[in-house]
Amino acid sequence: MSQHILLLSICLKPVVLTINFAAQILHIISKSCMKKSFFFFPILFILLLFTTKLIAQNIPQLGKNSVKEVVAAMTLEEKARFVVGNGMKLPGTSSGTGIGVTDDKVAGASGTTFAIPRLGIPSIVVADGPAGLRIDSIRNNDHSKTYYATAWPVATLLASTWDTSIVKKVGVAFGNEIHNYGVDIILGPALNIHRNPLGGRNFEYYSEDPLIAGDMAAAIANGIQSNGVGTSIKHYAANNQETNRNSVNTIVSERALREIYLKGFEIAVKKSHPWTVMSSYNLINDTMASESYGLLTDVLRKDWGFKGFVMTDWFGGHNAVAQMQAGNNLLMPGTKTQTQAIIDAVNHDSLGVKILDENCESILNIVLQSPSFKQYKFNDKPDLKAHAAISKEAAEEGMVLLKNDKNTLPFTSVKNIALFGINGYDLIAGGTGSGDVNKAYKVSLYEGLKNSGYSVDADLKNTYANYIADYNTKHPKKNFFQEFMNPTPPAPEFEMDNSVITSKASAADVAVIAIGRNAGEGQDRKIENDFNLSATEEALLQNVANAFHAQNKKVIVVLNIGGVIETVSWRDKADGILLAWQPGLEGGNAIADILSGKVNPSGKLATTFPAKYEDVPSAKNFPGKEFPEKAITANLGMKLIPGEVTYEEGIYVGYRYYNTFNVKPAYEFGYGLSYSNFTFGNLKLSSSTFNKNITATLTITNQGKYAGKEVVEIYITAPSNNIDKPAEELKAFAKTKLLKPGKTQTLKFTLTAADLASFYTDKEAWIADAGKYTVKVGSSSTDIRLKASFNLPGEIAVEKVNKALTPHVDINELKSLPAKETSYINELNNFYTAGQ
Ligand code: BGC
């Protein structure tokens, strides 16, 4: 209580002094004016104005006074309102796509913060999302002015570029759009790990590997923030599934957390200093992420030095006071109940006002940098044309050529194309939910091929266009919230008459079949008719392959997907397979440029395509168990079923598992073809003994006929005398410049002690073990072209960190020891043969 009185007296001191001063003047003047009373009231009025101004002048102002002084001048209610967002519209009251109370600032944005004009604190605007700015494109039904944003290729595609410079370039343009539409902070990039191919939001995320995820997130964040707007890297952390996303308790070892699930965030925080971090919905080892002091303070701030503020995911967490105590500075989108809980807690001494002040300060330090604070006059007119060109360029860099039998691609003598598959005519530019973007247009593959000068079968086009139109009429789009809670399923492939296919095989030079997949927040994907092809899709592939191959004509499959699918059962039917991912609004043009050879593909997989779902190391632990009997009703009437998932695969995620346990995937991590071929040579290490760091230099030569780019992947095999180590771990990567045929480029990579270190749970430290390290230079994670070794004479304790996020139960973690290896794989097999 005494603290409150002290604070109050500091705040009121200038006011009291001013009033005192004014009162004395008033006393003198009134004495002299009493005699001429008609002067008295005007003088009193002027004096009051003067006094008010003086008082105002003495109230701390953001930007003029220190943040601490400004916070000291805030009332308890102001503080409690400031750490809670302005709320959201109720479902049904919004015709737009926004969910925050944002119409007076930027309609369709996701939320705003509380303004305190008397202290010079403006409200700032935050908006989704990871693949483009999601705001209302049409406002108040006025179509004369639009606010469309660029749909960038999704993160999974950007990661497949393996090129941080193009990703940064996307970021610079993306940030310009954010700035020019009046938004202060974008709710992205999102960088959760692709733990399982069924993850509904995998398209929003980069990779199964934390180095790629972290480097890509840092690149785009640096690009965005170079415009003077902020990012919110999300969803921190271990938020790898949508099933029971608000209530799932993720049980995971400290080592797997540090090496896999936190590592990308650590890289992004250290390399790009994001303005904000968004805490995730899930629990980690029994504590909600947004209420976890270990996660938000010990690790994020103390271990990594994060200086920005943390906001919750929308309605994340249950206990506003615990969130404040954990260092979750801002609660979004914000409810009155949260504000009241904070006020009550301070009044009842269960929340120290110092903690509340620190939360306010963290937010204010960022508000100070924001365009809203700087009163930036945004014009709502970003250069969408220039941005579309960058979106296309990035899409072309990240598409992955999976198969190219007998140089089927690029098209050399193709003029007439028979295009099959709904998504050939209806491109999936990006996924659904908050990762969606309100774009002005999207170029379908049909349009892209036409734009490239091909003749594309008009009869097929009409059939598909009519089918799509009919489906859309029967399944009208619902409002944003209804779509959000229960998305309209995409139109399924239809059965095409074989006689039609045969006639097209006679008329066209080649068949292109587009296969699409869409997903988004709120739901994970399914195995049947999603990860696996549907029976109709299989039949279409089979029939087209039969008809075209009978005429010695080729079949190309274009995968317009946001997440991994099964390919082994059908890939033999195709001569070429191009993985186009969800490529943003210019997707059709980008695909056509690759098929035609205008662009030589240079993307590589940043996520493994397993041979079958059962091979996925997390298959038997995804999405975990649920406890329907403990269901509760939460915000917006949402039913929350507590869930629990144990990450028994530990550090063996993605290629770390497939490579270590010799499980052959369909397409391995790091894989991707080019129209050229490259040779790797002259690997030299700076020393055969590690000392502070080690550099590796090597040359790449284009031996093919086409100019092209090659991705170089540097893996390390570390000594595993003490603890498990994956067979290979990615430690560095780069893409060459465009090399003309016969040209060579020298590349240099530096590895530090931190790159060699593993996390030792018992020591709470990153340690590089003494012993022999092998540097493996790969064109993929299994196609290793060059190797060299060096020795680390003595163990290096690279960094000691805080103890945090300890699981409370034993985890039966996968180990690479032979006995356990067999038992885990047997267990996986038994699980599936038992039909569970
Ligand atoms: C999503 C976040 C998003 C937020 C605001 C949540 O449902 O999980 O990724 O930024 O909504 O729209």
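Thresholds, definitions, all that
- Residues numbered from 1 in each chain as written.
- Predicted model: local features only at pLDDT ≥ 70, side-chain atom pairs only at ≥ 80, totals over all residues.
- Heavy atoms only, no water.
- Helix = DSSP H or I, 4+ residues; strand = E, 2+ residues; numbered from the N terminus.
- Contact = heavy atoms within 4.5 Å.
- Areas by Shrake-Rupley, 256 points an atom, 1.4 Å probe, with all protein chains shown as cover.
- Pairing = 2+ DSSP bridges.
- Axes fitted to C-alpha atoms, helices over the stretch in contact; angles between N-to-C directions.
- Buried < 20%, exposed > 50% of the residue type's maximum accessible area, 1.4 Å probe, protein only.
- 1 Å grid on protein atoms, 1.4 Å probe; cavity = no way out; pocket = protein on both sides within 12 Å on 5 of 7 lines; lining within 4 Å.
- Points joined across faces, edges and corners; volume = space filled by probe spheres on them.
- Nonpolar A, V, L, I, M, F, W, Y, C, P; charged D, E, K, R; others polar.
- Near = heavy atom within 4 Å.
- Polar contact = N/O pair within 3.5 Å; in protein donor to acceptor, adjacent residues only side chain to side chain.
- Salt bridge = Lys/Arg side-chain N within 4 Å of Asp/Glu carboxyl O.
- Core = buried A, V, L, I, M, F, W, Y, C linked by side-chain atoms within 4.5 Å.
- Phe/Tyr/Trp six-rings, centres within 6.5 Å; stacked < 30°, edge-to-face > 60°.
- Lys NZ or Arg CZ within 6 Å of the ring centre and 35° of its normal.
- Expected span 1.5 Å × (residues − 1).
- pLDDT = per-residue confidence, 0-100.
- Parallel < 35°, antiparallel > 145°, perpendicular 65-115°, else oblique.
- Left-handed = near helix turned anticlockwise from the far one by under 90°.
- Lys, Arg positive; Asp, Glu negative; His and termini not counted.

(A) A look at the overall build of the protein. Along the backbone of the protein there are 24 helices and 29 strands. Within the protein, counting contacts between residues at least 6 apart in sequence, those at least 24 apart form 77% of the total. Entry remark: accessible area of the protein is about 32,800 Å², with carbon and sulfur atoms responsible for 53%.

(B) Molecular detail of the sheet that holds strand 28 (residues 784-792). If you trace the four strands from one edge of the open sheet to the other, you get 23-22-27-28, paired in antiparallel fashion. Where the open sheet ends on each side, the last strands, each with one partner, are strand 23 (729-735) and strand 28. With direction set aside, neighbouring strand axes in the sheet form an average angle of 20°. Pairing between strand 27 (residues 771-778) and strand 28: eight bridges, direction antiparallel. Residue pairing for strand 28: threonine 774 is matched across the bridge by serine 789.

(C) Here's a closer look at the sheet that holds strand 10 (residues 400-404). Ordered in space as 10-15-14-13-11-12, the six strands form an open sheet in which the pairing is mixed. Strands with a single pairing partner mark the edges of an open sheet, and in this sheet they are strand 10 and strand 12 (455-456). Two strands pair when backbone bridges link them, and strand 11 (residues 416-420) and strand 13 (residues 510-516) are joined in this way by four bridges, in the parallel orientation. When the sheet's bridge partners are listed, leucine 419 is paired in strand 13 with valine 512.

(D) Expanded view of helix 21 (residues 587-596). With nine of its 10 residues buried, helix 21 lies for the most part within the structure. Among the residues of helix 21, Gly587, Gly588, Asn589, Ala590, Ile591, Ala592, Asp593, Ile594 and Leu595 are the ones counted as buried. In the core, the buried residues of helix 21 are packed alongside helix 14 (384-398), helix 15 (445-451), strand 14 (554-560) and strand 15 (576-579). Backbone geometry just downstream of helix 21 places glycine 597 in the positive-phi region, at approximately 95°.

(E) Region of interest: the environment of asparagine 621. Here asparagine 621 is to be found in the loop between helix 21 and strand 16 (625-626). Among the residues examined, asparagine 621 registers a relative accessible area of 12% and is labelled buried.

(F) Layout of empty space enclosed by the protein. Scanning the model with the defined rule gives five cavities of 30 Å³ or more in all. Considering only enclosed or pocket space, the largest cavity measures out at about 110 Å³ in volume. Lining the largest cavity are 14 residues, and of these His194, Arg195, Pro197, Glu208 and Thr608 lie nearest its centre. Taken together, the residues of the lining of the largest cavity break down into six nonpolar, six polar and two charged. Roughly 70 Å³ of volume is contained in the second largest cavity. Pro197, Gly199, Gly200, Asn202, Phe203, Arg517, Asn518, Ala519, Arg525, Gly562, Gly563 and Gln582 are the residues that line the second largest cavity.

(G) Just the site of the ligand, in detail. Not every one of the 16 residues close to the ligand is listed here, only the nearest: Asp128, Arg201, His235, Asp313 and Glu521. Here lysine 234 contributes a side-chain N or O atom positioned 2.9 Å from an oxygen atom of the ligand. Note that an oxygen atom of the ligand is positioned 2.6 Å from one of the side-chain N or O atoms of aspartate 313. Isolated, the ligand exposes 310 Å² of accessible area, and the fraction of that covered by the protein chains is 98%. Looking at the shell around the ligand residue by residue, the class counts come to six nonpolar, three polar and seven charged.

(H) Local environment of the pattern of salt bridges. Counting across every chain of the model gives 44 salt bridges. In this structure, arginine 134 engages aspartate 128 in a salt bridge whose closest nitrogen and oxygen atoms are separated by 2.8 Å. Judged by its relative accessible area of 6%, aspartate 128 is buried. The closest approach of N and O atoms between aspartate 298 and lysine 302, which form a salt bridge, is 3.4 Å. Here aspartate 298 and its partner lysine 302 are both found in helix 10 (residues 293-303), four residues apart, which amounts to about one turn of the helix. Through salt bridges with shared partners, a single ionic network connects Arg201, Glu204, Glu242, Arg245 and Glu521.

(I) The arrangement of the nonpolar core in detail. Judged by nonpolar contacts, the single largest core of 160 residues is most densely connected at Tyr236 and Phe420. Here this core takes eight residues from helix 7 (residues 210-225), the largest share from any one element. In contact with tyrosine 236, not counting residues within four places along its chain, are Leu262, Phe265, Val277, Met278, Ser279, Ser280, Ala289, Leu295, Leu296, Val299, Leu300 and Trp304. Counting residues in hydrophobic clusters, the runner-up holds 47 residues, among them Ile59, Val70, Phe82 and Val321.

(J) A look at the packing of aromatic side chains. The tally for this structure, following the rule as stated, stands at 26 aromatic pairs. Both rings, one in phenylalanine 420 and one in phenylalanine 548, keep their centres 6.1 Å apart while their planes meet at 90°; by these two values the pair is edge-to-face. Separated by 128 residues along the polypeptide, phenylalanine 420 in strand 11 and phenylalanine 548 in helix 20 (residues 535-550) bring together distant segments of the chain. Both residues of the pair, phenylalanine 420 and phenylalanine 548, belong to the buried class. The structure contains a cluster of three or more aromatic residues connected by ring pairs, namely Trp162, Tyr655, Phe669, Tyr715 and Phe733. The positively charged end of lysine 630 is found above the aromatic ring belonging to phenylalanine 627, 4.8 Å away from the centroid.

(K) How the structure looks around helix 20. Taking 1.5 Å of rise per residue, the 16 residues of helix 20 would be expected to cover 22 Å, and the 22 Å separating its terminal C-alpha atoms lies within 8% of that figure. Taken together, the buried positions of helix 20 are Glu537, Leu540, Leu541, Val544, Ala545, Ala547 and Phe548. Where helix 20 is buried, its residues touch strand 11, helix 16 (458-474), helix 18 (498-507), strand 13 and strand 14. Asparagine 552 lies just past helix 20 and shows a positive phi near 60°.

(L) Quick look at the confidence of the model for the protein. Per-residue pLDDT for the protein averages 92, and the proportion of residues at 70 or more is 89%. Here residues 1-23 is modelled with pLDDT under 50, and outside its nearest four sequence neighbours on either side it reaches 20 contacts, counting other chains as well. This stretch, residues 25-30, has a pLDDT under 50; its non-local contacts, to residues over four places away or in other chains, come to six contacts.

(M) The arrangement of the packing of helix 6 (residues 164-180) against helix 14 in detail. For the pair helix 6 and helix 14, interaxial distance at closest approach is 10 Å and the crossing angle is 155°. By the angle between their axes, helix 6 is roughly antiparallel relative to helix 14. In terms of crossing hand, the pair formed by helix 6 and helix 14 is left-handed. Residues Ile166, Lys169, Val170, Ala173, Asn176 and Glu177 of helix 6 touch helix 14, and the partners they reach there are Leu384, His387, Ile390, Glu393, Ala394 and Glu397. For the contact of helix 6 with helix 14, the per-class residue count stands at six nonpolar, two polar and four charged.

(N) Inspection of the packing of helix 6 against helix 7 at higher detail. Interhelical geometry of helix 6 versus helix 7 gives an angle of 40° and a closest axis separation of 6 Å. The angle between helix 6 and helix 7 falls in the class oblique. Once helix 6 is placed against helix 7, the crossing between them reads as right-handed. Contacts from Thr164, Val167, Lys168, Val170, Gly171, Val172, Phe174, Gly175 and Ile178 of helix 6 reach helix 7 at Asp215, Met216, Ala219, Ile220, Asn222, Gly223 and Ile224. Of the residues assigned to the contact of helix 6 with helix 7, the class counts are nine nonpolar, five polar and two charged.

(O) Quick peek at the side chain of aspartate 184. Here aspartate 184 is to be found in the loop between helix 6 and strand 3 (185-186). Of the buried charged residues, aspartate 184 lacks a salt bridge, with lysine 105 as the closest side chain of opposite charge at 5.0 Å. A polar contact of 2.8 Å, which involves the side chain of aspartate 184, links it to the backbone nitrogen of valine 125. Excluding its chain neighbours within four sequence positions, the residues that come into contact with aspartate 184 are Ile124, Val125, Val229, Gly230, Trp275, Ser370, Pro371 and Ser372.

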